[in-house]
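Given next are the chains, with one letter for each unit.
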Amino acid sequence: MGAPSAYPVRVSPPRQRPVPPWLRLWEDLHIVLQVAIVLPLSVLLLWGAHVALMNQPAGRGLTYGVFWGALLTAAVVGASRSEKARRER
């Protein structure tokens, strides 16, 4: 009489949902083009957030916007590259 297995039934992996066409298009762009699209948008968005929501002066808000925008760009581009590589495995 053996001990019961921790996984008695084989479980199939979850079904892959189809990738939307706009996401496939975004992931197929070259990394430089992705950075060129995301960086200005994230800098402007974060500059506006620092100036409007946190009451920062415009110059300091721009500094914060550039700093956090660069980090946000790296996160977005890195995540899309990682997801594309994961799906292609």
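To keep things clear, this report deals only with the structure shown in the data block. This one's a predicted model, so the numbers in the text were calculated from it and none came from an experiment.

Parameters at a glance
- Here the residue index of a chain counts from 1 through its sequence in written order.
- The model is predicted, so local features are restricted to residues of pLDDT at least 70 and side-chain atom pairs to those at 80 or more, both for listing and for counting; the totals for chains, interfaces and linings are taken over all residues.
- The side-chain figures draw on all heavy atoms in the structure; neither hydrogens nor water molecules are used.
- The criterion for an aromatic pair is that two Phe, Tyr or Trp rings (for Trp, the six-membered ring) have centres within 6.5 Å, with stacked assigned to planes under 30 degrees apart, edge-to-face to planes over 60 apart and tilted to the rest.
- Structural elements are reduced to axes, namely lines fitted to C-alpha atoms, with helices fitted over the stretch in contact, and the angle between N-to-C directions of any two is expressed from 0 to 180 degrees.
- For helices the rule is a DSSP run of H or I covering at least 4 residues; for strands it is a run of E covering at least 2, with both sets numbered from the N terminus onward.
- Just so you know how the angles are binned, under 35 degrees is roughly parallel, over 145 roughly antiparallel, 65 to 115 roughly perpendicular, and the rest oblique.
- For any helix crossing, the convention is left-handed if the near helix is rotated counterclockwise from the far helix by under a right angle, and right-handed if that rotation is clockwise.
- Note on residue categories: nonpolar means Ala, Val, Leu, Ile, Met, Phe, Trp, Tyr, Cys or Pro, charged means Asp, Glu, Lys or Arg, and polar means any other residue, Gly included.
- Any helix carries an expected span of 1.5 Å times its number of residues minus one.
- The rule is simple: take the accessible area with a 1.4 Å probe, protein chains only, and divide by the maximum for that residue type; under 20% is buried, over 50% is exposed, in between is partly exposed.
- Note on contacts: a residue pair is in contact if any heavy atoms of the two residues lie within 4.5 Å.

**Quick word on the packing of aromatic side chains**
Thinking step 1. Taken as a whole and judged by the stated rule, the model has 1 aromatic pair.
Thinking step 2. For the pair Phe 67 and Trp 68, a centre-to-centre distance of 4.9 Å together with 80° between the ring planes defines the contact as edge-to-face.

**With respect to the packing of helix α2 (residues 31-52) against helix α3 (residues 58-88)**
Between two packed helices, the angle of one axis relative to the other and the distance separating the axes together describe the packing.
Thinking step 1. Running from N to C, α2 and α3 point in directions that differ by 140°, and their axes come no closer than 7 Å. Classified by the interaxial angle, the pair formed by α2 and α3 is oblique. Here the hand of the crossing between α2 and α3 comes out right-handed.
Thinking step 2. Counted by class, the contact of α2 with α3 contains 17 nonpolar, 8 polar and 1 charged residues.

**Points about α2**
Thinking step 1. For α2, with 22 residues, the first-to-last C-alpha span of 31 Å sits near the 32 Å given by 1.5 Å per residue.
Thinking step 2. Those residues of α2 that sit buried are Gln 34, Val 38, Ser 42, Val 43, Leu 46 and His 50.
Thinking step 3. Buried residues along α2 sit in contact with α1 (21-28) and α3.

The values reported here are purely geometric and, on their own, carry no functional implication.
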